[in-house]
Amino acid sequence: MSDVTAEELMAVTASRLLADHKVVFAGVGMPLLASAVARHRQAPHLTIVLEGGIIGTTLLPGKLPISTNEMRAAYGAQMLTDITDVFLYAQRGFFDYGFLGAAQVDMYGNINTSVIGSMERPRVRLPGSGGANDIISLCNEVLIVTQHEPRRFVERVDFITSPGYLSGGDSRARAGLVGGRLGAVVTDLALLDFEPGSRRMRLRGLQAGVTVGQVREQTGFDLLVGDDISELVPPSADELAIYRELRDGPPLADGDGTADTKRAGAGDPVPAAPA
Amino acid sequence: MEPVTVMTARAEREAAGRPVVDKRMTAEDATALIRDGDHVAIGGTLYSRTPMALVFALLRQRRRHLTVSRPLACYEIELFLATGALDRIVTSWVGIGLPWGLAPVFRHYVERGEARYDEWSHLAMGLRYKAGAMGVPFLPSLTMLGSDLAGTLGLQTVDCPYTGEQLAAVPALNPDVALIHAHRADMFGNVQVDGYRHMDADMAKAARTVIVSAERIVSPEEIAASPAQTMLPHFAVDAVVPAPHGSYPHECYGLYGPDFEHFTAYAAATKEQGPAGALRYVEKNVDGHAGFGGFIAAAGPERLAALAADAGELMGR
């Protein structure tokens, strides 16, 4: 599996966390792709919801949306409503999973997509929350998928755009956030969760061939390490084929292997995607 | 945060006339209703059903000190910034989309403090318009609590008088003007859209003045043939502007897809030239034509046909 990209590894690993007969509110990019893979594998009754007002989308292989507010995102949908309405379903408690990427995430799962530096004197003003703040505040269980790098995994984010466990312990509940248990963080190196009590990020599983030392090296804070670290099963040929078909479109009839070629429209994600 | 005076907004609505008359006018005449310093809400989301014909007409007028709000803002924000029209952005996200990276013109103005960006969550934007549309000063919500966004904006909380639970008090937003693009409207301002509705209905109901552009002007009988498709009634609309391809280069659900090549050319120009690139874009594409029709003609029938085919494929046509 040496030809598996970090993106493929993350999307496939994350897709396995989604159970059948659930509803997932997915951000664009990897969360959406992972959700779509899950629908083709263990979760055929997974309902994908997108912030553009789209409920039950299916996606046209090779025509993945760049934004969750565009026509391609609505392909095969069961319902189209307005944006506010979709978020109010989340507030009501209908959405089992909220699924996000993260430009910068800290040891308590707080996400920053607003600013590098301070708000008063920004070094880089990032695009902003989009729906991420609402998804992490209102969905029942939150999953985060992002590449494992020290600049992304920081001790404290510069700015809490989207609240995780805030300063740990019961601080999230005390702020009035009643939903949004943070479930898992999936990276190209590891599977992580949050220790009950302290609510600090904790290593639970390693991608194949990765060591605890490597994960620590790529984490900008003192990472808790669980007692029973598992090795994650590498993506199967079937999972990869589904992922690549969704991304690139159906394999060509002559089977010459060009199905792996990235086509227009599947742009490389940058850290600051709208949720 | 601007103080919300819901009773004032209501009193204005009460006093406003609701004549059932022909409200058709040009984009230029309609956007002449906008004054320096106004808060202009722009309908659609990101690059979907953006009222681009109205945006271009407003850009041409070179207003000053505008505030613009939107659910998610695309590069039209940068065009207002580069022409000196915009003081303040109120939204939850600014960019073009994933593949184009960070928006350099937006960064230029906001990082230098030359424009202000009030960043709300996406739902909070929706609730702000909804509260304005409902005629109440705020709506309670479970969102934005605990975040630094709340602190930056001075968002207040309220305790529920019945249960004691703590909620965010998201303040109403009543824009001076809302610009909306729709699939169809009759001359009286009964407005229909296909597909998702973004935040358009609440945004329009909240606004003091509502300008709607439409792909097609249809008869009242055609509206009445499918009343469930009507998003806004005539009495909530002040001006109706005929605007075929009125969202181009953005998409209009079911009719035409977004012109990503156009976006990419814009992104390349602004990456290289910064605000000057955005200004040149306006000079060429807005000022360089007598009206939006000239811009559409310059895009050419082949490009427009290809974008219509993109939409057709998704619609199973």
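Numbering of residues begins from 1 in every chain and follows the order in which that chain's sequence is written. The lettering of chains begins at A and the numbering of ligands begins at 1, in the order of writing. Side-chain atom pairs in this predicted model are given and counted only at pLDDT of 80 or more, local residue features only at pLDDT of at least 70, and totals for whole chains, interfaces and linings cover all residues.

**Details of the interface of chain B and chain A**
Then step 1. Any two residues are considered in contact once their C-beta atoms, placed from the backbone, lie within 7 Å. With 52 residues of chain B at the interface, the matching set in chain A holds 54 residues.
Then step 2. Of all the elements, helix 6 (residues 122-134) of chain B adds the most residues to the side of chain B that touches chain A, at 5 residues. For helices the rule is a DSSP run of H or I covering at least 4 residues; for strands it is a run of E covering at least 2, with both sets numbered from the N terminus onward.

**Quick notes on the pairing of strand 2 (residues 47-50) of chain A**
Residues and elements named next belong to chain A.
Then step 1. Neither face of strand 2 is exposed, since T47 and V49 on one face and I48 and L50 on the opposite face are all buried.
Then step 2. Two strands qualify as a pair provided that DSSP identifies no fewer than 2 bridges between them. As judged from the 3 bridges shared by strand 1 (residues 23-26) and strand 2, these two strands associate in the parallel manner. Following the sheet pairing, V24 is matched in strand 2 by I48.
Then step 3. Relative to strand 3 (residues 54-55), strand 2 runs antiparallel, the two sharing 2 bridges. Residue pairing in the sheet places V49 in a bridge with I55 of strand 3.
Then step 4. Where strand 2 hands over to strand 3, the hairpin turn is made up of 3 residues, of which G53 adopts a positive phi near 100°. Exposure in this text rests on C-beta crowding, where 20 or more other C-beta atoms within 10 Å of a residue's own make it buried, 12 or fewer make it exposed, and counts in between make it partly exposed. The C-beta atoms are placed from the backbone.

**A short note on the nonpolar core**
Generally speaking, soluble globular proteins have nonpolar side chains that are buried together.
Then step 1. Judged by nonpolar contacts, the single largest core of 187 residues is most densely connected at A:F25, A:V37, B:L54, B:I77, B:V212 and B:V241.
Then step 2. It is helix 3 (residues 52-60) of chain B that provides the largest number of residues to this core, a total of 8 residues.
Then step 3. Leave out the neighbours within four places in its chain, and A:F25 touches A:V49, A:A90, A:F95, A:Y97, A:G98, A:F99, A:I135 and A:C139. Joined through C-beta atoms within 7 Å, a set of buried Ala, Val, Leu, Ile, Met, Phe, Trp, Tyr and Cys residues constitutes a nonpolar core.

**So, the domain arrangement of chain A**
All names here are of chain A.
Then step 1. For the domains described, the bounds stem from an automatic or database domain assignment. Splitting chain A by domain gives domain 1 (1-9 + 18-97 + 236-269) and domain 2 (101-232).
Then step 2. In this structure, domain 1 and domain 2 have C-alpha centres spaced 22 Å apart.
Then step 3. Taken together, the contacts link 17 residues of domain 1 with 15 residues of domain 2.
Then step 4. Contributing elements (two or more residues each) for the side of domain 1 that touches domain 2: helix 1 (6-15), helix 2 (30-40) and helix 3 (83-92).
Then step 5. Across the side of domain 1 that touches domain 2, the residue classes tally to 11 nonpolar, 4 polar and 2 charged. Only Asp, Glu, Lys and Arg are considered charged, only Ala, Val, Leu, Ile, Met, Phe, Trp, Tyr, Cys and Pro nonpolar, and every remaining residue, Gly among them, polar.

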